[in-house]
Amino acid sequence: MLEYRIDRGSGVPAYVQIVEQTERALRMGTLKIGDKLPTAKEVVAATAINPNTVLRAYRDMERAGLVELRRGLGTFVTRSLARPGAEADSPLRAELADWTARARSAGLERADIFALVTAVLDGEGGEQDGSPSDPSKSSNTSAPRETGSGKRRTRDRA
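Not measured: the values here are computed from a predicted model. (Residues numbered from 1 in each chain as written. Predicted model: local features only at pLDDT ≥ 70, side-chain atom pairs only at ≥ 80, totals over all residues. Heavy atoms only, no water.)

Topic: the pairing of strand β2 (residues 74–77)
By the alternation rule, side chains of β2 split into Gly74 and Phe76 and Thr75 and Val77, which are all buried. Sheet topology note: the strand β1 (residues 67–70)/β2 ladder contains 4 bridges and is antiparallel. From the neighbouring strand, leucine 69 faces β2, where its bridge partner is threonine 75. Between β1 and β2, which pair antiparallel one after the other, the connecting turn spans 3 residues, and glycine 72 there sits at a positive phi close to 85°. (Buried < 20%, exposed > 50% of the residue type's maximum accessible area, 1.4 Å probe, protein only. Helix = DSSP H or I, 4+ residues; strand = E, 2+ residues; numbered from the N terminus. Pairing = 2+ DSSP bridges.)

Here you go:
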């Protein structure tokens, strides 16, 4: 079962963190269609956040078509976001795990690794997809993105 971790110092609202962690689990194949999410009560007990925060996240995910709330039964995954190469036994994931281990042994911390990956994805200081980097065309990670129903706005995170 998915265990949520809330980073109170991140500046990202707790409900957004829940949605992002669920989306990440869906992309990685950790959560599959039919899987049950933890109850709001379980999330509150594990994270010490307000139950309404959990319910807001679950409602946002329901509006986005990712989950279905079944009264008296729980919240269930209705859609996968998994892509090829995300599986736990994927060669791409193994390469990334090796690279991450090298980055950590070189002294990079989690935030440094995120910054480096984000810079590469955004094409800063190099080439992306075989074409020279153009700052006016690269995506800005501080720009909000719309997900789901468009009613919730979050910041892109790598």
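Things to note about the packing of helix α2 (residues 40–47) against helix α3 (residues 51–63)
The N-to-C vectors of α2 and α3 enclose an angle of 125°; their axes lie 9 Å apart at closest approach. Taken together, the axes of α2 and α3 are oblique relative to one another. In the crossing of α2 with α3, the sense of the turn from one axis to the other is right-handed. Taking contact as the criterion, the partners of Ala40, Val43 and Val44 in α2 are, on α3, Pro51, Val54, Leu55 and Tyr58. A per-class count over the contact of α2 with α3 returns 7 nonpolar, no polar and no charged. (Axes fitted to C-alpha atoms, helices over the stretch in contact; angles between N-to-C directions. Parallel < 35°, antiparallel > 145°, perpendicular 65-115°, else oblique. Left-handed = near helix turned anticlockwise from the far one by under 90°. Contact = heavy atoms within 4.5 Å. Nonpolar A, V, L, I, M, F, W, Y, C, P; charged D, E, K, R; others polar.)

Looking at the packing of aromatic side chains
Throughout the structure, instances matching the rule amount to 0 aromatic pairs. Just above the ring of tyrosine 15 sits the side chain of arginine 56; from NZ or CZ to the centre is 3.7 Å. The ring of phenylalanine 76 carries the charged tip of arginine 70 above its face, separated from the ring centre by 4.2 Å. (Phe/Tyr/Trp six-rings, centres within 6.5 Å; stacked < 30°, edge-to-face > 60°. Lys NZ or Arg CZ within 6 Å of the ring centre and 35° of its normal.)

Some words on the side chain of threonine 22
On the secondary structure map, threonine 22 appears in helix α1 (residues 14–28). Once residues lying within four places of it in the same chain are set aside, the contact partners of threonine 22 are Leu2, Tyr4, Leu31, Leu37 and Met61.

Quick notes on α1
Between its first and last C-alpha, α1 extends 21 Å over 15 residues, near the 21 Å set by a 1.5 Å rise per residue. Of all the residues in α1, the buried ones are Ala14, Tyr15, Val16, Gln17, Ile18, Val19, Glu20, Gln21, Thr22, Glu23, Ala25 and Leu26. Just downstream of α1 lies glycine 29, where phi reads positive at about 80°. (Expected span 1.5 Å × (residues − 1).)

Considerations on the layout of surface pockets
Reported here for the second largest pocket is a volume of approximately 250 Å³. What lines the second largest pocket is a set of 13 residues, among which Leu55, Leu69, Arg70, Gly74 and Thr75 lie closest to the centre. Looking at the lining of the second largest pocket, the elements that each hand over two or more residues are α3, β1 and β2. In the lining of the second largest pocket, the residues fall into 7 nonpolar, 4 polar and 2 charged. (1 Å grid on protein atoms, 1.4 Å probe; cavity = no way out; pocket = protein on both sides within 12 Å on 5 of 7 lines; lining within 4 Å. Points joined across faces, edges and corners; volume = space filled by probe spheres on them.)

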